[in-house]
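Structure assessment
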Amino acid sequence: MSDEHGGPLRVVLADDEALVRAGVRAILAADPGVEVVGEAEDGHAAVELVRAHRPRVALLDIRMPRCDGLSAAAQIRRLVPETAPVILTTFGDDDLIARALGHGAAGFLLKSGDPRELLAGVRAVADGGAYLSPRVARRVIELSGGRLARGPYARDRLAGLTDREREVLALVGAGLSNAEIARRLHLVEGTVKSYLTSVFTRLDVRNRVQAAILAYEAGLVPPTR
């Protein structure tokens, strides 16, 4: 995958642990279409690197000194909206994962996850999609009361959607970008955007990640292990 100018997909990586940064950088380097253009050890430096390099994706550790990943994601969304912030997290960050949904993050990835998942997540958000590591999505649902407990409430919220809107929402929950949804449903991309605008308004959600969580809770996305 390349950026809109035909070059490699540019990524800024931020984590306060040098070994973690080295590991993530090595995974990304396995894809010749991805280039890490800057590394930071705190959120403040990450924001400055994003402002300087204008990457497609910013991978942000959720816990960092001076400025954590949540605050950095919110600043990046405000200052450099063309950059998609993705949160790197662990299962020990339950409280922060729950808070992160409202901070503009385009995705959540586990540090201990499959390397292929990391690359898939970066590609998805770079293409305008939202990506939730399946295990993170399941954990968020557990934190909010569990899939079974939240299911009836989520399904009630979806009751006003049309069949096509539900199809689009399910594919958002599966991490597909607008272009991928358009191909899957044999629509033009502009039509998909119109459906998403309607879905977000009807469900009163702020972004694709919140919509994806609701799709999980309502059972539109198959459970993962």
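Values in this document were obtained by computation on a predicted structure and should not be read as measured data. (Residues numbered from 1 in each chain as written. Predicted model: local features only at pLDDT ≥ 70, side-chain atom pairs only at ≥ 80, totals over all residues. Heavy atoms only, no water.)

**Re the overall build of the protein chain**
What the protein chain contains, in helices and strands, is 11 helices and 6 strands. For the protein chain, the residues scored as buried account for 50% of the 225 residues in total. A separation of at least 24 residues holds for 66% of the contacts in the protein chain among residues at least 6 apart in sequence. (Helix = DSSP H or I, 4+ residues; strand = E, 2+ residues; numbered from the N terminus. Buried < 20%, exposed > 50% of the residue type's maximum accessible area, 1.4 Å probe, protein only. Contact = heavy atoms within 4.5 Å.)

**Side note on the pattern of salt bridges**
For the structure on display, the rule yields 10 salt bridges. Here Asp31 makes a salt bridge to Arg123, at a shortest N to O gap of 2.7 Å. Within this pair, whereas Asp31 is found in the loop between helix H1 (18-29) and strand E2 (34-40), its partner Arg123 is found in helix H5 (residues 115-126), the two being separated by 92 residues in sequence. Residue classification places Asp31 among the buried positions, given a relative accessible area of 10%. Here Glu167 ties to Arg164 by a salt bridge, and the two come within 3.0 Å at their closest N and O atoms. On the criterion of helical spacing, the pair formed by Glu167 and Arg164 is a turn pair, its members being 3 residues apart in helix H8 (residues 163-173). Look at Arg164 and you get partly exposed, because its relative accessible area is 27%. (Salt bridge = Lys/Arg side-chain N within 4 Å of Asp/Glu carboxyl O.)

**Describing the packing of H8 against helix H9 (residues 178-185)**
Direction vectors running N to C along H8 and H9 enclose 130°, while the axes themselves pass 10 Å from each other. Judged on the interaxial angle alone, H9 and H8 are oblique. Crossing of H8 over H9 shows right-handed handedness. Contacts between H8 and H9 involve Arg164, Glu167, Val168, Leu171 and Val172 from the first element and Ile181, Arg184 and Leu185 from the second. Across the contact of H8 with H9, the residue classes break down as 5 nonpolar, no polar and 3 charged. (Axes fitted to C-alpha atoms, helices over the stretch in contact; angles between N-to-C directions. Parallel < 35°, antiparallel > 145°, perpendicular 65-115°, else oblique. Left-handed = near helix turned anticlockwise from the far one by under 90°. Nonpolar A, V, L, I, M, F, W, Y, C, P; charged D, E, K, R; others polar.)

**Comments concerning the layout of surface pockets**
The calculated volume of the largest pocket comes to roughly 210 Å³. Those elements giving two or more residues to the lining of the largest pocket turn out to be H5 and helix H11 (208-217). (1 Å grid on protein atoms, 1.4 Å probe; cavity = no way out; pocket = protein on both sides within 12 Å on 5 of 7 lines; lining within 4 Å. Points joined across faces, edges and corners; volume = space filled by probe spheres on them.)

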